[in-house]
Each structure stands twice: as C-alpha cells, then as structure tokens.
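# Structure assessment
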Amino acid sequence: MESMKRCVECGASGLRRGSEPAEGKVGPRKFLGEVETLVCRRCGETFTDGAGGVALELAAARWLAQHGFATGDEIRFMRKTAGLRAADLAELLGVSAEAVSHWETGKHRADRGTLATIAALALDRIDGRTTTQERLCAFGKPPRAPKAVKLGAQRAAPIA
Ligand SMILES: [Zn+2]
C-alpha cells in the first residue's frame, strides 16, 4: 500500500494516511483495533491492504500469550502464529500429533504448562526469536556425554 501513489478510483494523487476500525475473532473473544488506510483527498475512497489485518492478528496473539488462553480455536491460532504445523508442535512437545489435534478440537484440555509453552513459541515468532524452540529441541535430546562440562571463570553476583 505504501507504493500506491494515485487513487485507483479517480486517479488523483492526493492520498493521505487514515485509519479505520477493524476487528478479529479468536475463539470466544473479539479483538478490536484500528488498521492504517490511505484515503483519497479528492473522492474520499479508502484503501487498505492485508498488512493491517496481519498486524491486528499479531497484536491479538500477543494479548493471548500474555493473558492466557485455553480453547481449541485459540490453541490453533497460537500454533499458527508460532509458524508451526500440528506435527511440528507435537514433535517439539514430545506428544503425538493426535494429542495436538485433540486440544485443537476441544476433545481434551491442554495442561497449563503446555499452553504457556505454546504462548512462548508464538511470542518468540512475533519477536523474531527461536529461544523456546531451541530449548524444546535441547530437552528432546538431553546430552549424555560429556561427564564434565567446563564453564570457565565465574564471578559471584553480589546479593542485593
Ligand atoms: Zn479518488
């Protein structure tokens, strides 16, 4: 949309920035926000692209990660936000793909630790990290060797 220079309705070049209300629904909850638009100064036509909607979805995912979620629709939404297929999430958590499917269809409830981990995976993706995914991979294959691990020089932190 940034690249749009002229109104495609009337051909005028005077486009200004605007915003309009937008909403999305995840599971039982509505998320209300605003998305950026371009408005033609001559004919008043309003233009939006998908970027605003995507940003609103990410904001909703961040809210859910911070406040908690439990329904199947929310779990699926957060898994997708995390950029994971159901099979990927199952692999990371060390559960069956069927277990993930049962959470997402509401057949079984996911436990609190699982939900918090899915929240962390989604937040990592939003913020451009892979911390939780790497940790889950590490716990999937805990090291057996070596017997001794060199940690180098450590300085004791002062106790406040
Ligand atoms: Zn126009």
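## Remarks on the overall build of the protein chain
For the protein chain, the count of helices and strands is six helices and three strands. Starting at the N terminus, the α and β elements of the protein chain follow one another as β-β-β-α-α-α-α-α-α. Whereas a compact globule of 160 residues would reach a radius of gyration of roughly 15 Å, the protein chain reaches 22 Å, over 25% beyond that. Taking the principal axes of its C-alpha atoms as reference, the protein chain extends roughly 75 × 45 × 30 Å. Within the protein chain, the proportion of its 160 residues that are buried is 30%. For the protein chain, the accessible surface area stands at approximately 11,200 Å², while carbon and sulfur atoms represent 52% of it. When the 25 basic and 19 acidic side-chain charges of the protein chain are each reduced to a single mean position, those positions are 7 Å apart.

## Focus: the nonpolar core
In this structure, Leu-64, Phe-69, Ile-75, Phe-77, Met-78, Ile-118 and Leu-121 are the most contacted members of the largest nonpolar core, which totals 25 residues. Counting only elements with at least two residues in this core, the list comes to helix H1 (50-67), helix H2 (72-81), helix H3 (86-93), helix H4 (97-105) and helix H5 (112-127). Take this core: its biggest share by element is six residues, from H5. Those residues in contact with Phe-69 that lie beyond four places of it in its chain are Leu-64, Glu-74, Ile-75, Met-78, Leu-115, Ile-118 and Ala-119.

## Some words on H3
Residues of H3 that are buried include every one of Leu-89, Ala-90 and Leu-92, and no others. Seen along its axis, H3 keeps its buried residues to an arc of 165°; they face one direction. In this fold, the buried residues of H3 make contact with H2, H4, H5 and helix H6 (131-140). Two residues or fewer after H3 comes Gly-94, characterised by a positive phi angle close to 70°.

## Here's the deal with the packing of H3 against H5
As a packed pair, H3 and H5 sit with axes 12 Å apart at the nearest point and diverge in direction by 120°. Here H3 lies oblique to H5, going by the angle between them. Of the two possible hands of crossing, H3 and H5 adopt the one that is right-handed. Mapping the contact onto sequence places Leu-89, Leu-92 and Leu-93 in H3 and Thr-114, Thr-117, Ile-118 and Leu-121 in H5. Split by residue class, the contact of H3 with H5 holds five nonpolar, two polar and no charged.

## Some words on the pattern of salt bridges
Applying the stated criterion across every chain yields a total of ten salt bridges. Residues Arg-29 and Glu-74 are paired through a salt bridge, measuring 3.3 Å at the closest nitrogen-oxygen approach. Of this pair, Arg-29 sits in strand E2 (residues 29-40) while Glu-74 is found in helix H2, placing the two residues 45 residues apart along the sequence. Of the residues examined, Glu-74 reaches a relative accessible area of 3% and is grouped as buried. As a salt-bridge pair, Glu-104 and Arg-79 come within 2.5 Å of each other at their nearest N and O atoms. Here the residue Glu-104 occupies a position in helix H4, and Arg-79 occupies one in helix H2, the gap between them amounting to 25 residues. For the pair shown, Glu-104 and Arg-79 are each scored as buried. Here the salt bridges do not stand alone but share partners, grouping Arg-62, Asp-124, Asp-127 and Arg-129 into one network.

Scoring rules and cut-offs
Residues numbered from 1 in each chain as written. Predicted model: local features only at pLDDT ≥ 70, side-chain atom pairs only at ≥ 80, totals over all residues. Heavy atoms only, no water. Helix = DSSP H or I, 4+ residues; strand = E, 2+ residues; numbered from the N terminus. Rg over C-alpha atoms; globule rule 2.2 N^0.38 Å. Buried < 20%, exposed > 50% of the residue type's maximum accessible area, 1.4 Å probe, protein only. Areas by Shrake-Rupley, 256 points an atom, 1.4 Å probe, with all protein chains shown as cover. Lys, Arg positive; Asp, Glu negative; His and termini not counted. Charge placed at Lys NZ, Arg CZ, Asp CG, Glu CD. Core = buried A, V, L, I, M, F, W, Y, C linked by side-chain atoms within 4.5 Å. Contact = heavy atoms within 4.5 Å. Arc of directions from axis to C-beta. Axes fitted to C-alpha atoms, helices over the stretch in contact; angles between N-to-C directions. Parallel < 35°, antiparallel > 145°, perpendicular 65-115°, else oblique. Left-handed = near helix turned anticlockwise from the far one by under 90°. Nonpolar A, V, L, I, M, F, W, Y, C, P; charged D, E, K, R; others polar. Salt bridge = Lys/Arg side-chain N within 4 Å of Asp/Glu carboxyl O.

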